[in-house]
Amino acid sequence: MLIRFLTSFAAGISHIGAEPAHFVERHGLLMLVAFGEWVVAIGIAAAGLPIGSSVIAAPALGLALVASLW
């Protein structure tokens, strides 16, 4: 981003085309990827474990964390 800004500035272009909506969309996509990785990680970690309160609480807390970041 810095290189793009500096080359635009050197060329005399004042608008580089970065819109706030673009950053919001990228953040949403990043959270979607993080949520997918979280689901896979929980599935791998819980494989073979007996279902108990800790196995249920850990994904619930992880989901709350991802939801709060979104």
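Treat the numbers as computed from the prediction; the structure is a model and nothing was measured.

*Asks:* What's the story with the overall build of the chain in this structure? I'm lost.
*Replies:* When its secondary structure is counted, the chain shows three helices and zero strands. Moving toward the C terminus, one meets the helices and strands of the chain in the order α-α-α. Going through the 70 residues of the chain one by one, you find that 11% of them count as buried. For the chain, the computed accessible surface area is about 5,700 Å², with 75% contributed by carbon and sulfur atoms.

*Asks:* Looking at this model, I keep getting lost on helix H2 (residues 20–46). Mind explaining?
*Replies:* Residues spaced three or four apart along an α-helix point in a common direction, a consequence of the helix completing one turn every 3.6 residues. With 27 residues, H2 ought to run about 39 Å at 1.5 Å a step, and its terminal C-alpha atoms sit 39 Å apart, in line with that. Where H2 is buried, its residues meet helix H3 (53–69). Just downstream of H2, Gly48 is the residue with a positive phi angle, here 85 degrees.

*Asks:* It is not clear to me how the packing of H2 against H3 should be interpreted in this structure. Could you clarify?
*Replies:* Angle between the axes and distance between the axes: these two values describe a pair of packed helices. Closest axis-to-axis distance for the H2/H3 pair is 10 Å, and the angle between their directions is 170 degrees. As the angle between them shows, H2 and H3 are arranged roughly antiparallel. For the pair formed by H2 and H3, the contact residues are His27, Met31, Phe35, Trp38, Ile42 and Ala46 on the first element and Val55, Pro59, Gly62, Leu63, Val66 and Leu69 on the second. Classifying every residue of the contact of H2 with H3 by side-chain character gives ten nonpolar, two polar and no charged.

*Asks:* Explain a nonpolar patch on the surface to me, please; I cannot follow it from the model alone.
*Replies:* Among the surface-exposed residues, Phe35, Val39 and Leu63 lie close enough to one another that they form a single nonpolar patch of about 230 Å² accessible area. In this structure, Phe35 sits in helix H2. Judged by relative accessible area, which is 30%, Phe35 ranks as partly exposed.

*Asks:* Please clarify how H3 should be interpreted in this entry.
*Replies:* Across its 17 residues, H3 extends 24 Å between first and last C-alpha, which sits within 8% of the 24 Å expected from 1.5 Å per residue. Buried residues of H3: Pro59, Gly62 and Val66, and no others. Along the axis of H3, the buried residues cluster in a sector spanning 60 degrees; they form a single face. Projecting away from the buried face of H3 at angles above 90 degrees are the exposed residues Ser53, Ser54, Ile56, Leu61, Leu65, Ala67 and Ser68. Those residues of H3 that are buried are in contact with H2.

So, how was this worked out
Residues numbered from 1 in each chain as written. Predicted model: local features only at pLDDT ≥ 70, side-chain atom pairs only at ≥ 80, totals over all residues. Heavy atoms only, no water. Helix = DSSP H or I, 4+ residues; strand = E, 2+ residues; numbered from the N terminus. Buried < 20%, exposed > 50% of the residue type's maximum accessible area, 1.4 Å probe, protein only. Areas by Shrake-Rupley, 256 points an atom, 1.4 Å probe, with all protein chains shown as cover. Expected span 1.5 Å × (residues − 1). Contact = heavy atoms within 4.5 Å. Axes fitted to C-alpha atoms, helices over the stretch in contact; angles between N-to-C directions. Parallel < 35°, antiparallel > 145°, perpendicular 65-115°, else oblique. Nonpolar A, V, L, I, M, F, W, Y, C, P; charged D, E, K, R; others polar. Patch = residues over 30% accessible without salt bridge, like charges linked within 9 Å, V, L, I, M, F, W, Y side chains within 5 Å. Salt bridge = Lys/Arg side-chain N within 4 Å of Asp/Glu carboxyl O. Arc of directions from axis to C-beta.

By themselves, these observations are geometric and do not establish any function.
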